[in-house]
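Fold and geometry: a report
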Amino acid sequence: MSSSTLSPRQSNKIGLPMFVLMLNLFIALLGQGMVIPILPDYLKQFGAAGTAAGYLVAAFGAAQFIFSPIGGQLSDRFGRKKLIIAGLFLTVISDYLFAIGHTLTLLYIARFIGGMGLGLMVPSVMAYVADSTTTETRAKGMGYLGASMNLGMVLGPGLGGLIAEFGIRMPYYCAAGLGLLATLLSLLLRETLPPEHRTAAGRRKRQPFVRQITDSFRTPYFRYLLLVLVMTFGLVNYETVYALFVQQKYGFDARSISIVITLGAVIGIICQVWLLDRMVRRFGEMKLIRISLVMTAVALLLMLVKFNLIYLLAVSALFFAFNAFLRPTAGTLIANAAGDRQGYAAGLNTTYMSLGSMIGPLFAGWLFDVQLNLPYILGALILLAALALTMGRSMRSAQEREIAHE
C-alpha cells in the first residue's frame with residue numbers, strides 16, 4: 001500500500017502490518033545479538049582470536065555493502081515481502097552454518113551469507129515503512145523500526161550468555177530458530193508495493209553495483225546519502241572503541257561497561273518510540289538533524305573529561321538520545337525524496353551506511369592505538385563537519401516544503 005492510498009485514520013497510527021514487521025525485526029536482531037558475547041570462546045575451538053573475528057566482521061560488512069543496492073532494486077521489482085522473506089531466510093542459513101561449522105572457511109562463508117541476507121532485507125524493510133506511512137508519519141515509522149532492532153540487540157547478548165550454558169553452539173542454533181520464526185511470521189505481511197509500480201520497475205534494466213553508486217551522485221537525495229555516510233563514520237568512532245576507552249580511562253570492569261551500554265540503548269529506544277515523532281513535528285527534519293549533530297559532537301568531547309560513573313552515564317545518555325534521532329530522520333529525508341523508487345533509495349541508504357561502518361572502525365582502532373582520546377576528537381569534528389551537508393539548495397528546498405506544509 002502506498003502512502004497515497006492511506007486514509008487519514010490509517011495515516012495517524014502504526015497498523016498491524018507494521019507491528020508484524022517490527023516483531024520480525026526484533027526476533028531477527030535478538031537472534032543476531034545472542035551470538036555476540038560467545039564469539040571469542042567459540043573461535044577458540046578453531047585456534048583463532050582477534051584476527052579471525054575481524055575477518056568475520058569484514059565478510060559480513062562487505063556482503064551487506066555489495067548486496068544492499070541490489071536488494072533495493074529487487075525490492076522495487078518483485079515487492080517488499082518477497083525480499084524480506086528471502087533476506088531473513090538467508091540469515092537462518094547463516095546462523096545454522098555457523099552452528100555446525102568446523103572450519104574457519106565455513107564460518108567466513110556463513111557470515112558472508114548473513115551479510116547478504118541483511119543486504120537484501122534491510123532496504124526492503126525501510127521501503128516497506130516508506131510505503132506504509134505518509135510524510136507526516138514516516139519519521140514515527142522509521143523510529144519504531146530502529147527501536148525494534150535496537151531492543152533485539154540489547155536483549156540478545158544477555159540471552160545468548162544464558163543459553164551458552166547449555167553448549168557453546170546452542171546460541172547459534174537458537175538464533176537460526178528465531179530467524180526461521182521471523183521468516184514464517186513475514187508470510188503474514190501484506191505487500192505494500194502496488195503491481196503497477198513493480199511492472200514499471202521491471203522495465204528498468206538492473207544496474208551493476210558500480211553503476212548504481214555512480215548514478216547515486218545524480219539523485220535528488222545524494223546530499224542526504226553523503227550525510228548518512230559522514231554521520232555514520234563519525235558515530236562509529238564512538239561505538240567501535242567505547243568499551244576499550246571506558247576500560248582504560250575509567251578502569252571500569254565488564255559489568256559496569258555493560259550497564260552503561262544497556263542504559264544508553266534503552267534511552268535510545270525510548271527516544272525513537274516516544275520522542276522522535278514529537279521532535280520532528282516541533283523542529284522539522286532539517287533542524288532536528290542539525291541539533292542532533294551538534295549535541296552528539298558535544299557528547300563525544302565531554303567523554304574526554306574524566307569524573308565518575310554518574311557523569312559517564314549522563315554523557316552517554318546524551319549521546320544515545322540524539323544519536324537515536326539522527327539515523328531514522330536521515331532515512332525519512334531520503335524516503336521523502338525517493339518518489340516511487342523507495343527500494344532503490346533504501347538500498348543506497350544502507351550501502352552508504354555500510355561504507356561508513358566499514359571505514360569508521362579502521363580509523364577508530366588506529367587512532368585509539370595512537371592516543372585513546374583521538375577517536376572521539378575525530379568523531380566530534382566529523383559530526384560538526386556534517387553540518388555543512390545540511391546547508392544548501394536541496395536542504396533549503398526541503399525545509400521550505402516543511403514550512404509550507406505547516
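Preceding this paragraph is the structure being described.
What you are looking at is a predicted structure, and each value in this text was computed from that prediction instead of being measured.

The packing of two helices is summarised by the inter-axis angle and the distance between the axes. Relative orientation of the contacting elements helix α16 (residues 342-370) and helix α17 (residues 374-385) amounts to 135°, with a least axis distance of 7 Å. When the interaxial angle is binned, α16 and α17 end up oblique. On the side of α16, the interface is formed by F363, A364, L367, F368 and V370, while α17 contributes L374, P375 and L378. Residues belonging to the contact of α16 with α17 are distributed by class as follows: eight nonpolar, no polar and no charged.

On to the packing of aromatic side chains, then. The geometry of two aromatic rings is summed up by the distance between their centres and the angle between their planes. Summed over all chains, the structure comprises ten aromatic pairs. Ring geometry for F233 and F363: centres 5.4 Å apart, planes at 70°, overall edge-to-face. Here F233 is found in helix α11 (residues 222-240), whereas its partner F363 is found in helix α16, with 130 residues between them in sequence. The class of F233 is buried, set by a relative accessible area of 13%. Through a chain of ring-to-ring contacts, three or more aromatic side chains come together here, namely F217, F222 and Y352. Positioned over the ring face of F283 is R282, at 4.9 Å from the centre of the ring. Above the plane of the ring of Y344 lies R341, whose end atom (NZ or CZ) is 4.1 Å from the centre.

On to the nonpolar core. Ranked by internal contacts, the top residues of the largest apolar core, which has 49 residues, are Y221 and L293. Mapped onto this core, the elements with two or more residues apiece are α11, α12 (242-250), α13 (254-283), α14 (285-302), α15 (309-337), α16 and α17. Looking at which element gives the most residues to this core, the answer is α15, with ten residues. Not counting chain neighbours up to four residues away, the residues in contact with Y221 comprise I334, A337, A338, Y344, A345 and L348. Counting 25 residues, the second largest nonpolar core, distinct from the first, contains V20, M22, I27 and L189.

About the criteria used
- Residues numbered from 1 in each chain as written.
- Predicted model: local features only at pLDDT ≥ 70, side-chain atom pairs only at ≥ 80, totals over all residues.
- Heavy atoms only, no water.
- Axes fitted to C-alpha atoms, helices over the stretch in contact; angles between N-to-C directions.
- Helix = DSSP H or I, 4+ residues; strand = E, 2+ residues; numbered from the N terminus.
- Parallel < 35°, antiparallel > 145°, perpendicular 65-115°, else oblique.
- Contact = heavy atoms within 4.5 Å.
- Nonpolar A, V, L, I, M, F, W, Y, C, P; charged D, E, K, R; others polar.
- Phe/Tyr/Trp six-rings, centres within 6.5 Å; stacked < 30°, edge-to-face > 60°.
- Buried < 20%, exposed > 50% of the residue type's maximum accessible area, 1.4 Å probe, protein only.
- Lys NZ or Arg CZ within 6 Å of the ring centre and 35° of its normal.
- Core = buried A, V, L, I, M, F, W, Y, C linked by side-chain atoms within 4.5 Å.

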